[in-house]
Amino acid sequence: MQILQTFFRYKMVMKTLRIAIQKSGRLSEKSLELLKEAGISLNNGSRKLRSVAQSFPLEVIYLRDDDIPQYVEDGVAHIGIVGENVYAEKECDVDLLERLGFSRCRLSIAIPKSEPYRGLEEMQGKRIATSYPVILGKYLSEHGIRAEVHVLSGSVELAPSIGIADAIFDIVSSGSTLISNGLKEVETVMRSEAVIIANRRIGKEEAGLLEQLLFRIRSVMAASNNKYILLNAPNERLQEIIRVIPGMKSPTVMPLAEEGWSSVHSVLSEKRFWEVIDRLKELGAQGILVIPIEKMIV
Ligand code: PRT
Ligand code: ZN
């Protein structure tokens with residue numbers, strides 16, 4: 001660890017932005033994909049310890065996700081991609097720069113499904129097993145609950161069935177792990193997704209590189225959250241249709257060869273997609289085409 005840190009500190013003189021991502025796990029693939037979509041190709045397929053990007057002054061170091069906040073705080077990496085849950089649990093002195101929208105999950109309290117549950121008061125004096133004692137401890141103390149928190153590093157969901165805890169506090173995604181262990185989710189404490197965290201004392205040149213990288217990442221995310229839409233609109237409903245799809249600035253409107261009709265081009269947010277399509281149909285729009293956007297410069 002010491003040698004590794006000295007090595008990376010020395011290398012930092014070379015004005016390369018260094019990002020820490022998870023070596024292998026639920027965040028790895030999506031983190032690499034995001035870099036790729038941001039135009040950053042890596043020259044080291046084996047992903048042993050680090051890779052160097054070819055088209056951008058970026059170096060990637062691969063770590064366990066739990067170690068990333070500390071490495072970023074220490075300045076070994078300038079930035080890192082971790083789950084918001086790990087960022088919150090580690091309480092490191094780093095900035096949260098951007099939420100990335102992948103690896104979404106929640107951290108919840110769960111109890112055996114046969115147990116009654118009337119509210120958080122039920123947890124008073126109970127034994128709760130978790131790998132996230134900091135987040136849980138804060139939540140319980142904010143709500144005036146005194147419970148025994150048992151820290152386990154894995155297989156937390158087994159704790160009630162083997163009698164070492166009355167409840168668990170763990171990550172839930174689909175909920176199937178809880179169901180197959182005879183548990184039910186009773187309190188959602190936090191929602192999490194992958195985030196970019198950053199060292200608070202980044203040098204001027206690296207900060208410039210970071211801005212460029214963030215600009216690319218935001219463009220990739222905006223593109224995946226939006227669609228390009230083309231449709232034919234009867235002129236008498238044109239103003240109403242334009243109000244439904246205002247686009248980035250305003251929609252492009254062009255007359256069709258057929259009298260009384262216009263072609264409208266705009267950008268549509270993924271979140272409002274079906275609601276907007278239904279409304280457009282009600283307003284008489286025809287020939288609606290929806291096309292993915294590769295990059296969106298925001
Ligand atoms: O080896 P390393 O320490 O790097 O990885 P890790 O094993 O600690 O983490 P990993 O790869 O499992 O998860 C990395 C991050 O992905 C987490 O910190 C979360 O931010 C996020 N994430 C998203 C999840 C899940 N979804 C998830 N479902 N992390 C873990 N799970 C596990 C959970 O622990 C539980 O056992 O999946 C189970 C629940 O899933 P469902 O779908 O059955 O509810
Ligand atoms: Zn981990």
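Use the structure listed above.
In short, a report on the structure. The structure displayed is predicted, hence computed values, not measured ones.

1. Focus on helix α2 (residues 28-37)
One full turn of an α-helix is made of 3.6 residues, so residues set three or four places apart face in the same direction.
Next up, step 1: Among the residues making up α2, those that are buried are S28, S31, L32, L34 and L35. Taken around the axis of α2, the buried residues stretch over an arc of 155°, which confines them to a single face. Set apart from the buried face of α2 by more than 90 degrees, the exposed residues are E29 and K36.
Next up, step 2: Among the structural elements, β1 (17-22), β3 (58-63), β4 (79-83) and α7 (204-224) are those in contact with the buried residues of α2.
Next up, step 3: Positioned one or two residues after α2, G39 has a phi angle of 85°, which is positive.

2. Examining the side chain of E84
Next up, step 1: Of note, E84 is situated in helix α4 (residues 84-90).
Next up, step 2: Once residues lying within four places of it in the same chain are set aside, the contact partners of E84 are L96, R99, M190, R191, S192, E193 and V195.

3. Brief notes about the coordination of the zinc ion (ligand 2)
Next up, step 1: In the first shell of the zinc ion (ligand 2), the protein supplies D65 (OD) and D66 (OD), at 2.0 to 2.1 Å from the metal.
Next up, step 2: Between the four donor atoms coordinating the zinc ion (ligand 2), the angles at the centre fall across 75 to 173°, so the site counts as irregular.
Next up, step 3: Using a relative accessible area of 17% as the deciding quantity, one classes D65 as buried.

4. Points about the packing of aromatic side chains
Next up, step 1: Applying the stated rule across the entire model yields one aromatic pair.
Next up, step 2: A ring pair is formed by F273 and W274, whose centres lie 4.8 Å apart and whose planes are at 90°; its orientation type is edge-to-face.
Next up, step 3: Judged by its relative accessible area of 10%, F273 falls in the buried class.

5. Digging into a nonpolar patch on the surface
Next up, step 1: Together, L158, I162 and I164 line one region of the surface with nonpolar side chains, adding up to about 270 Å² of accessible area.
Next up, step 2: Mapped onto the secondary structure, L158 falls in the loop between β8 (148-151) and β9 (167-172).
Next up, step 3: For L158, a relative accessible area of 38% gives the class partly exposed.

6. Thoughts on the nonpolar core
Next up, step 1: Residues I19, L58, I79, I81, L100, L213 and I217 are the most contacted members of the largest nonpolar core, which totals 28 residues.
Next up, step 2: Those elements that place two or more of their residues in this core are β1, α2, β3, β4, β11 (194-198) and α7.
Next up, step 3: Element by element, the count of residues in this core is highest for α7, at seven residues.
Next up, step 4: Excluding residues that lie within four positions of it along the chain, I79 makes contacts with L17, R18, I19, A20, V72, I196, I197, A198, L210 and L213.
Next up, step 5: Counting 17 residues, the second-largest nonpolar core is a separate cluster that includes L107, I109, I111 and Y132.

7. Some points on the site of ligand 1
Next up, step 1: Of all residues adjacent to ligand 1, which total 20 residues, the nearest are R26, R64, N85, S174 and T177.
Next up, step 2: A distance of 2.8 Å is found between an oxygen atom of ligand 1 and a side-chain nitrogen or oxygen belonging to D66.
Next up, step 3: Compared with its free state, where it exposes 840 Å², ligand 1 has 78% of that area covered by protein.
Next up, step 4: Among the residues forming the shell around ligand 1, the class breakdown is five nonpolar, ten polar and five charged.

8. Quick word on the pattern of salt bridges
Proximity of charged atoms lets side chains of opposite charge pair with each other.
Next up, step 1: Across all of its chains, the model carries 18 salt bridges by this definition.
Next up, step 2: Here E270 and K227 are joined by a salt bridge, their closest N and O atoms 3.0 Å apart. In this pair, E270 sits in the loop between β14 (261-269) and α9 (273-282) while K227 sits in strand β12 (residues 226-234), placing the two residues 43 residues apart along the sequence.
Next up, step 3: The partner of K295 in a salt bridge is E294, and the shortest N-O contact between them spans 4.0 Å.
Next up, step 4: When its relative accessible area of 40% is taken as the criterion, K295 is described as partly exposed.
Next up, step 5: A single network of salt bridges, built from pairs that share partners, joins R18, R50 and E59.

How each quantity is defined
Residues numbered from 1 in each chain as written. Chains lettered and ligands numbered in written order. Predicted model: local features only at pLDDT ≥ 70, side-chain atom pairs only at ≥ 80, totals over all residues. Heavy atoms only, no water. Buried < 20%, exposed > 50% of the residue type's maximum accessible area, 1.4 Å probe, protein only. Helix = DSSP H or I, 4+ residues; strand = E, 2+ residues; numbered from the N terminus. Arc of directions from axis to C-beta. Contact = heavy atoms within 4.5 Å. Donors = N, O, S within 2.8 Å, 3.2 Å for Na, K, Ca; no water. Tetrahedral: all angles 85-135°; square planar, octahedral: opposite > 155°, others 65-115°. Phe/Tyr/Trp six-rings, centres within 6.5 Å; stacked < 30°, edge-to-face > 60°. Patch = residues over 30% accessible without salt bridge, like charges linked within 9 Å, V, L, I, M, F, W, Y side chains within 5 Å. Areas by Shrake-Rupley, 256 points an atom, 1.4 Å probe, with all protein chains shown as cover. Salt bridge = Lys/Arg side-chain N within 4 Å of Asp/Glu carboxyl O. Core = buried A, V, L, I, M, F, W, Y, C linked by side-chain atoms within 4.5 Å. Near = heavy atom within 4 Å. Polar contact = N/O pair within 3.5 Å; in protein donor to acceptor, adjacent residues only side chain to side chain. Nonpolar A, V, L, I, M, F, W, Y, C, P; charged D, E, K, R; others polar.

These values are about where atoms sit, not about what they do.
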